[in-house]
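Descriptive structure summary
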Amino acid sequence: MDISFELNLDFEYAEALRQQHGSLAAQELITDLEDQIGADVNRVYQRHGVLPAVGDRVEVDEQWVVVSARTFGRDGSVWLAVKRFEA
């Protein structure tokens, strides 16, 4: 079974990247990170049959992100927001 989902960096994570890298460079970095994190979340789904829930951590390139929001649309769509995990 396949499931489609949308994934974005949460506002604070994305805004921190914009402050560090400037608007244009940050947008490219954000897009790349969202694609990479989305691919890793998809691998989790393929292996375990579940999408991560709020509070779950996902390893991405030897770093961790945590799901900060998960929304289900009436049409069956799923949206995830992630932020950098800070211990």
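Residues numbered from 1 in each chain as written. Predicted model: local features only at pLDDT ≥ 70, side-chain atom pairs only at ≥ 80, totals over all residues. Heavy atoms only, no water.

1. Some details on the sheet that holds strand S4 (residues 78-84)
For clarity, the cut-off: Pairing between two strands is assigned when DSSP locates at least 2 bridges connecting them. For the purposes of this entry, the term helix denotes a DSSP run of H or I that reaches at least four residues, the term strand denotes a run of E that reaches at least two, and both are numbered from the N terminus. Orientation is described by axes fitted as lines to C-alpha atoms, over the contacting stretch for helices, and by angles from 0 to 180 degrees between their N-to-C directions.
An order of S1-S4-S3-S2 is seen for the four strands of this open sheet, with the pairing classed as mixed. Of all strands in the sheet, those with a lone pairing partner are strand S1 (6-9) and strand S2 (57-60), marking the two edges. Neighbour-to-neighbour, the strand axes of the sheet open up by a mean angle of 35 degrees, direction not taken into account. Note that strand S3 (residues 63-72) and S4 share seven bridges and pair antiparallel.

2. Focus on unusual backbone geometry
Convention followed: We call a residue buried when its accessible area falls under 20% of the maximum for its residue type, exposed when it is over 50%, and partly exposed in between, using a 1.4 Å probe and counting protein chains only.
The backbone of aspartate 61 shows a phi angle near 50 degrees, a positive value even though the residue is not glycine. Residue placement: aspartate 61 occurs in the loop between S2 and S3. The exposed category is assigned to aspartate 61, whose relative accessible area is 58%. In the Ramachandran plot, glutamate 62 falls in the positive-phi region, its phi being about 65 degrees despite a non-glycine side chain. Relative to the elements of secondary structure, glutamate 62 occurs in the loop between S2 and S3.

3. Quick notes on the packing of aromatic side chains
Test applied: Within 6.5 Å between ring centres, the rings of Phe, Tyr and Trp (the latter by its six-membered ring) count as paired, and their orientation is classed by plane angle as stacked under 30 degrees, edge-to-face over 60, tilted in between. Comment: the charge-over-ring label is applied if NZ (Lys) or CZ (Arg) is within 6 Å of the ring centre and within 35 degrees of the ring normal.
Within the structure shown, the criterion is met by zero aromatic pairs. In this arrangement the basic side chain of arginine 57 is found over the ring face of tryptophan 64, its NZ or CZ atom lying 6.0 Å from the centre. Lying over the aromatic face of phenylalanine 85, arginine 57 brings its terminal NZ or CZ to 4.7 Å of the ring centre.

4. Side note on the pattern of salt bridges
Here is the rule: Basic side-chain nitrogens of Lys or Arg form a salt bridge, by our definition, when they fall within 4 Å of a carboxyl oxygen of Asp or Glu.
In total, this model carries two salt bridges according to the counting rule given. Residue glutamate 15 pairs with arginine 18 through a salt bridge whose shortest N-O separation is 3.4 Å. Of the two residues, glutamate 15 and arginine 18 both sit in helix H1 (residues 11-21), three residues apart, roughly one turn of that helix. Judged by relative accessible area, glutamate 15 falls into the partly exposed class, the value being 25%. By relative accessible area, arginine 18 is classed as partly exposed at 29%. Across the pair arginine 43 and aspartate 40 runs a salt bridge whose closest N-O atoms are separated by 2.1 Å. In this pair, arginine 43 and aspartate 40 both sit in helix H2 (residues 23-48), three residues apart, roughly one turn of the helix. For arginine 43, a relative accessible area of 42% corresponds to the partly exposed category. We classify aspartate 40 as buried; its relative accessible area is 12%.

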